Amino acid sequence: MQSLLIIASDEWRYWSRSKLGAAAAILAFILICVSVFATTNQVAAEKETREALQLKAEEIFRSQPDRHPHRMVHYGHYVFRTPAPLAKLDPGVDPYTGTAIFLEGHRQNSATFSASYDGAQAGPFARLTPALAYQLLVPLILIIVGFGAVSREREAETDRQLVTSGVTPVEIWGGKTIALAALAALLLIPMLFGVALSGGAPAVSAAFLGSYIIYLLIWILMISGASAWCKRPSTALLVLLSAWIALSVLAPRMVASAANIAIPSASQIEADMDVLVALREVGDGHNANDPAFARLRANLLEQYDVETVEELPINFRGMVAKTSEEQLTAILNEYAEKRMTQQVAQTDFVRALSFFSPFIALQSASMTAAGTDIRTHHRFLREAEAARYEFVQGLNDAHVEKLSYADDLNRNTSKEAWRKARVSSENWRVLQDFRFSPDTASERISRMGLTVGVLFGWALVMGGIGFIGARRLSEVKNG
Amino acid sequence: MTEIALKADSLSVSRGRVPVLSDITFDVSVGEVFALLGGNGAGKSTTLLTFLGFLPPRSGSVTVLNKPVTQNVEFVRQKSAYLPEAANLYPHLNARENIKYFLSLAKVPRSASDIEAALDEVSLATEARGRRLSSYSKGMRQKVAISLAILRQAPVLFLDEPTSGLDPVAIDEFNQLITKLSAAGTTVLMVTHDVYGACQIAGRVGLLKAGSLVGVFEAPEGGQISPEEVHRAFAEGA
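Residues numbered from 1 in each chain as written. Chains lettered and ligands numbered in written order. Predicted model: local features only at pLDDT ≥ 70, side-chain atom pairs only at ≥ 80, totals over all residues.

1. Some thoughts on the pairing of strand β9 (residues 204-209) of chain B
All names here are of chain B.
- Pairing between strand β3 (residues 33-38) and β9: 5 bridges, direction parallel. In the sheet register, Leu 36 faces β9, and the bridge partner there is Gly 206.
- Bridging between β9 and strand β10 (residues 212-218) involves 6 bridges; their strand directions are antiparallel. Residue pairing for β10: Gly 206 is matched across the bridge by Val 216.
- Here β9 folds back onto β10, and the loop between the two strands holds 2 residues, one of which, Ala 210, carries a positive phi near 50 degrees. (Pairing = 2+ DSSP bridges. Helix = DSSP H or I, 4+ residues; strand = E, 2+ residues; numbered from the N terminus.)

Take a look at the structure:
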């Protein structure tokens, strides 16, 4: 063990004296600190803003004066997804999916206010999140600093000097691996602070941090392993940079393309057109005379044993609105579920292929732990839709029960009639408070199982390859 | 009776599929300087690397301090100091740091004054000792490597072309040092192209040609091996 630490500390001395390595490590550290600080503050500010906006939206809705209930259905209401604590480190799909939905009758609006629009012109790296920094940048820095850790000894034949000093080849590799691990640990400090200050549940925070530790361990073992296998540092650098490009840049895109081919999904326009066609089958909820509601009319007349809708003890127009909402919501939900099922299937397809790349495995594990994955977003959409349906139907109930059919029908005949066709603003209390929170820690951790397993598998394989490479160290070149 | 420190017995070694050493036998007594001479590809470095356990014998055996190398690699390396041709030390460290580093790995504790004394012994200029080895000449690096060997107090010293690239003064200083170490009981096996240098310090000189030991020359009592004789034998293929 002592030899390992001596070798590791000498490697640090080498890096500190090699301007390139030291500069790269310092630059990366600063960049990560800035990224953690900036993203944490930004997400914290967004959280505060969204919470405030949510309260404001609820207050505005409930403080509306007496109105016709259907006006309130169209007045609508906003719900906001407040980010989970660990979203400060990995915003996941949030910047792309939108974080607020305008809820109104007869429609399921898409989530809006996605941060990606803000940085679209600067490209995908406009927002260097801590997650992206650790997934892409840190492995690259470790490669730049550590590619020659073992192969440098081999090229200069100092490995033999070390071996004749009583150090085993595996100890040389082990010492270099420890040096790289110490550097990675240093670079992980900003994330450690970020996690500690995020306020996330301890178990899921540990799982989040743990997945990054395993991921960086994979790269450390890959770097020291490649360095042990390659006789020249330049070859090791080439191998490692190729691996970085293949695993972190190409593989995720290839797997995503494969997912799109394997599980094709309709474009938004196609999906919207399909929904529109399906909705045409449902009658117009604003028109009580729409033939689509003839059956409803007949049923109600029969139920209340009356001849005309005017004789009904309830507002037929309200019933039409309520029934129409129920029918179109069923259709909208069917298409929304179909779309979400496809998205989840694509995500699961990508996750299943994560054994091709630790980057894919970590990305999935990280977003799941942070509560910023597509499933969490879908839950937000479902909860928002449930809230929408509940308040719209609550207003339709007020329309049915608290506004007479006659007043409703005559509302445009005079100012007085218009004033009469209102219900009390007390009815706006049908709107429930909307507070979105991510899945429980245990649910998120259980969803991380596969990807964390993949990461462990990669670490074991890389460790094995490095160990075998180390045993070849100080072998005499033949020829 | 003279104690044997190093022994190659019917040793044959291949590098890859290429046979390099064929059935060579020799031994080196404790405190003796034995030089192996030969042209390029004769198998000199291969012999050293086999003694150090970096190459396995195809047949035959090598022993260091009476222990078979293949079964006692760690022991052999613990008891040996190895000076490769390029004096492979770290260019990012200075002389003192290099020595401290390798001594700490070899678990040989030495004080700062011991290190200075060893550097004095090899006549490395005091002002150079704090400079990184990247600014050293080959001779200076060689001196640091020898200081390390002195400090390790290894009973066996393996030298690979130790004087190649050194100026005549440095060669002289080096030869004196080796003679001194030998007199102190260190066994030295060196491989070299330098016939005159080898004859000056070695008690015996072995001549390797195409992987075979074709002759061994012994210094007369109180004298030196004749370089002309070795040269002639070398030219004639022994």
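Moving on, there is more to tell.
2. A look at the pairing of strand β8 (residues 187-192) of chain B
Residues and elements named next belong to chain B.
- The buried fraction of β8 is high, at 6 of 6 residues.
- Of the two faces of β8, the one carrying Thr 187, Leu 189 and Val 191 and the one carrying Val 188, Met 190 and Thr 192 are both buried.
- The parallel pair strand β7 (residues 156-160) and β8, bridged by helix α6 (residues 168-183), forms a crossover whose chirality is right-handed. (Buried ≥ 20, exposed ≤ 12 C-beta atoms within 10 Å, placed from the backbone. Right-handed = clockwise from strand over helix to strand, strands pointing away.)

3. A few points about the nonpolar core
- Core analysis: the largest hydrophobic core is formed by 166 residues, its most contacted members being Val138(A), Leu142(A), Ile218(A), Ile223(A), Leu455(A), Leu37(B) and Val205(B).
- Ranked by residue count, the leading element in this core is helix α9 (residues 202-229) of chain A, at 18 residues.
- Setting aside anything within four residues of it in sequence, one finds Ile218(A) in contact with Pro358(A), Leu455(A), Trp458(A), Ala459(A) and Met462(A).
- Membership of the second largest hydrophobic core comes to 12 residues, among which are Tyr78(A), Ala111(A), Ala384(A) and Phe434(A). (Core = buried A, V, L, I, M, F, W, Y, C linked by C-beta atoms within 7 Å. Contact = placed C-beta atoms within 7 Å.)

4. Quick word on the sheet that holds strand β2 (residues 18-29) of chain B
All names here are of chain B.
- Within the open sheet, the 4 strands sit side by side as β2-β1-β4-β5. Their pairing is antiparallel. Among the strands making up the open sheet, the edge pair consists of β2 and β5 (67-68).
- Against the sheet, helix α1 (residues 44-51) engages β1 (4-15), β2 and β4 (59-64), with an angle of about 115 degrees to β1. (Axes fitted to C-alpha atoms, helices over the stretch in contact; angles between N-to-C directions.)

5. Quick word on the interface of chain A and chain B
- Every contact between the two is made by 21 residues of chain A and, on the other side, 23 residues of chain B.
- The residue makeup of the side of chain A that touches chain B, split by class, is 7 nonpolar, 10 polar and 4 charged. (Nonpolar A, V, L, I, M, F, W, Y, C, P; charged D, E, K, R; others polar.)

6. Describing the sheet that holds β7(B)
All names here are of chain B.
- Taken together, 6 strands build an open sheet; the order of strands is β6-β7-β8-β3-β9-β10 and the sheet is mixed. Two strands close off the open sheet at either side, each with one partner strand: β6 (80-83) and β10. Neighbour-to-neighbour, the strand axes of the sheet open up by a mean angle of 15 degrees, direction not taken into account.
- With 5 bridges joining them, β3 and β8 adopt parallel strand pairing. Bridge assignment links Leu 36 to a residue of β8, and that residue is Val 191.
- Sitting on the sheet, α1 is in contact with β3, β7, β8 and β9, with an inclination near 150 degrees to β8.
- Along the sheet, helix α8 (residues 227-236) makes contact with β3, β9 and β10, crossing β9 at roughly 15 degrees.

Distances and angles like these do not, on their own, reveal function.
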